[in-house]
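Observations on chain architecture
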Amino acid sequence: MKPAAVCVTGASVLSPLGDSLGALEEGLLAGRRTVGETPDLPGVASSQIADFDATRYATVRGLRLYNRTTRLGIAATKLALVDAGLDGGGVPAEDLGVVTATTFGHLDTLIEYDRGLVTLGLQRTNPALMPLALASAPGAMIALAFGARAFSTTVGDGAASGVNALGLGARLVAEGRARACVVVGAFAPCHELLVSAARAGRLAAPGEFRVADRQSRGMAFGEAAAAMVLERVDEARARGAAARALLHGQASAFAMDSDRARALGRACRSALQTAEVAASELALVSACANGLPDDDRDESEALA
């Protein structure tokens, strides 16, 4: 196996199963289910974090203005930096970068801002919402919250956002663009997104959500955040930090709708080749199955 130049020195997770890696593992092993009926949308399944309060994890100026996705990302970033031993100035601001993975994370703020323009008019709408309504706003606010000055980049590639963000962060660290990089993914669905997906027939009913199953009838939106701190292996060793994981390979491929299974297969093979790992050596596959029959079928074919 090819030696990795980049390692993970800190990790965190916030999910309906808990706010730590241990709680997540325990919930998964116990088979706990968190998908249930959406409170304000009867008949629509979703999974939400109960009693989330970002101030329990981080104290950030202007936090109350940020939407839930941004607050989740800030909390996850704080926990990952603490886990890596880099909280409180462990790395200079100019040597810390952030790569954020999110797709619809700004949508609720954008809708609120546009609604204000339409109903209240230009003079009375809240101007503070305008910059927060940009697609890159959650990532920018996360970087500002922790003074990251090396770079701040947002990756919005749909279901591939998280993996592509991790690959981009690893490349930037390997190239010396930063001594440390936080790769963070966060998502909290807004009411309008749920309504739109439900009307399009893409959401499962409570109790009927299942993935990679012939009886799958739709997906369920859930909210969560996770973050990883990436460093060069030599930099981590120099400061005595333990490596939680090594990053060996990542790949992506473009696909037309009719070619998704083959494109997914190409991406998998390319990542394995880059890492110099045989498929028979894999101990775990973390799939993206979401309950939409076409998506789950394409991914299953690619993995097979």
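The shown structure was predicted, so the numbers you read here are calculated from the model rather than taken from an experiment.

1. A word on the state of the cysteines
For the coordinates displayed, the defined rule picks out zero disulfides. Looking at Cys268, it has no disulfide partner, and the nearest cysteine sulfur is the one in Cys288, 11 Å off.

2. Let's talk about the layout of surface pockets
One number sums up the size of the second largest pocket: a volume of about 250 Å³. If you go around the second largest pocket, you meet 14 residues; those closest to its centre are Gln48, Arg68, Pro189, Cys190 and His191. Elements with a contribution of two residues or more to the lining of the second largest pocket: α3 (107-119) and α7 (191-199). Across the lining of the second largest pocket, the residue classes tally to six nonpolar, two polar and six charged.

3. Some words on a nonpolar patch on the surface
A surface patch of nonpolar side chains, about 260 Å² in accessible area, is lined by Leu282, Val285 and Leu303. By the element assignment, Leu282 lies in the loop between α9 (260-275) and α10 (293-303). A residue is classified by how much of its surface remains accessible, and Leu282, at 43% relative accessible area, is partly exposed.

4. Here we look at the pairing of strand β8 (residues 224-232)
Bridge analysis of strand β1 (residues 6-14) against β8 gives eight bridges, and the strand direction is antiparallel. Counted as the bridge partner of Cys7 is Glu231 from β8. Two elements, strand β6 (residues 180-187) and β8, share eight bridges in a ladder whose sense is antiparallel. Looking at β8, one finds that Phe187 is bridged to Ala224.

5. Notes on unusual backbone geometry
Phi is positive for Ala212, close to 50°, though the residue is something other than glycine. One can find Ala212 in the loop between α7 and β7 (221-222). The exposed category is assigned to Ala212, whose relative accessible area is 55%. Even without a glycine there, the phi angle at Glu276 is positive, about 55°.

6. Re the sheet that holds β7
As a general point, the strands of a sheet are linked pairwise by backbone hydrogen bonds and lie either parallel or antiparallel. Sheet architecture is open: three strands sit in the order β2-β3-β7, paired in mixed fashion. Lying at the two open borders of the sheet, with one neighbouring strand each, are β2 (36-38) and β7. Alignment of β2 against strand β3 (residues 41-47), held across three bridges, turns out to be antiparallel. Looking across to β3, one finds that Gly36 is bridged to Ser46. Packed onto the sheet, α7 meets β2, β3 and β7 and runs at close to 110° relative to β3.

7. A look at α10
Among all positions in α10, only Asp296, Asp298, Glu299 and Ala302 are buried. The buried residues of α10 occupy one face: seen down the axis, they fall within an arc of 160°.

8. A short note on empty space enclosed by the protein
This structure, assessed with the given rule, holds one cavity of 30 Å³ or more. Forming the boundary of the largest cavity are Leu65, Tyr66, Asn67, Thr70, Gly105, His106, Thr109, Leu132, Ala137, Pro138 and Met141. Looking at which element gives the most residues to the lining of the largest cavity, the answer is helix α5 (residues 137-145), with three residues. Residues of the lining of the largest cavity, tallied by class, amount to six nonpolar, five polar and no charged.

9. Some words on the packing of aromatic side chains
Under the defined criterion, the tally for this structure stands at two aromatic pairs. Ring geometry for Phe52 versus Tyr57: centroids 6.2 Å apart, planes at 20°, classification stacked. What makes Phe52 buried here is its relative accessible area of 13%. Ring plane angle 45° and centroid distance 5.9 Å describe the contact between Phe187 and Phe221, whose orientation is recorded as tilted. Of this pair, Phe187 sits in strand β6 while Phe221 sits in strand β7, and the two are 34 residues apart along the sequence. For Phe187, a relative accessible area of 17% corresponds to the buried category. Owing to a relative accessible area of 12%, Phe221 belongs among the buried residues under this scheme.

Criteria and cut-off values
- Residue numbers here run from 1 along each chain, matching the order of that chain's written sequence.
- Side-chain atom pairs in this predicted model are given and counted only at pLDDT of 80 or more, local residue features only at pLDDT of at least 70, and totals for whole chains, interfaces and linings cover all residues.
- Side-chain numbers come from the whole structure's heavy atoms, not from hydrogens or water.
- What counts as a disulfide here is a pair of cysteine sulfur atoms lying within 2.5 Å.
- Using a grid of 1 Å spacing that covers the protein atoms alone, one calls a set of points a cavity when a 1.4 Å probe fits there but cannot get out, and a pocket when the set is open and has protein on both sides within 12 Å along at least five of seven lines; lining residues are those with an atom within 4 Å of a point.
- Grid points are joined across faces, edges and corners, and a volume is the space filled by probe spheres set on the points.
- Secondary structure elements are defined from DSSP: runs of H or I of at least 4 residues count as helices, runs of E of at least 2 residues count as strands, and each element is numbered from the N terminus.
- All residues other than Ala, Val, Leu, Ile, Met, Phe, Trp, Tyr, Cys, Pro, Asp, Glu, Lys and Arg, Gly among them, are scored as polar; the first ten of these are nonpolar and the last four charged.
- Candidate patch residues must exceed 30% relative accessible area and have no salt bridge, after which like charges are joined if within 9 Å and Val, Leu, Ile, Met, Phe, Trp or Tyr side chains if within 5 Å.
- Reported accessibility uses the Shrake-Rupley method at a 1.4 Å probe radius. Residues are deemed covered only where the shown protein chains occlude them.
- What makes a salt bridge here is a side-chain nitrogen of Lys or Arg within 4 Å of a carboxyl oxygen of Asp or Glu, nothing more.
- Exposure classes here rest on a 1.4 Å probe applied to the protein chains alone. A residue is buried below 20% of its type maximum, exposed above 50%, and partly exposed in between.
- For two strands to pair, DSSP has to find at least two bridges joining them.
- The contact criterion used throughout is that any non-hydrogen atoms of two residues lie within 4.5 Å.
- For helices, the fitted axis covers only the stretch in contact; all axes are lines through C-alpha atoms, and the angles between them, taken along N-to-C directions, range from 0 to 180 degrees.
- The arc under discussion is defined with respect to the helix axis, by the directions toward the C-beta atoms.
- We call Phe, Tyr and Trp rings a pair once their centres come within 6.5 Å, taking the six-membered ring for Trp, and we label the pair stacked below 30 degrees between planes, edge-to-face above 60, and tilted otherwise.

So, to be careful, I would describe these as geometric facts and stop short of saying anything about function.
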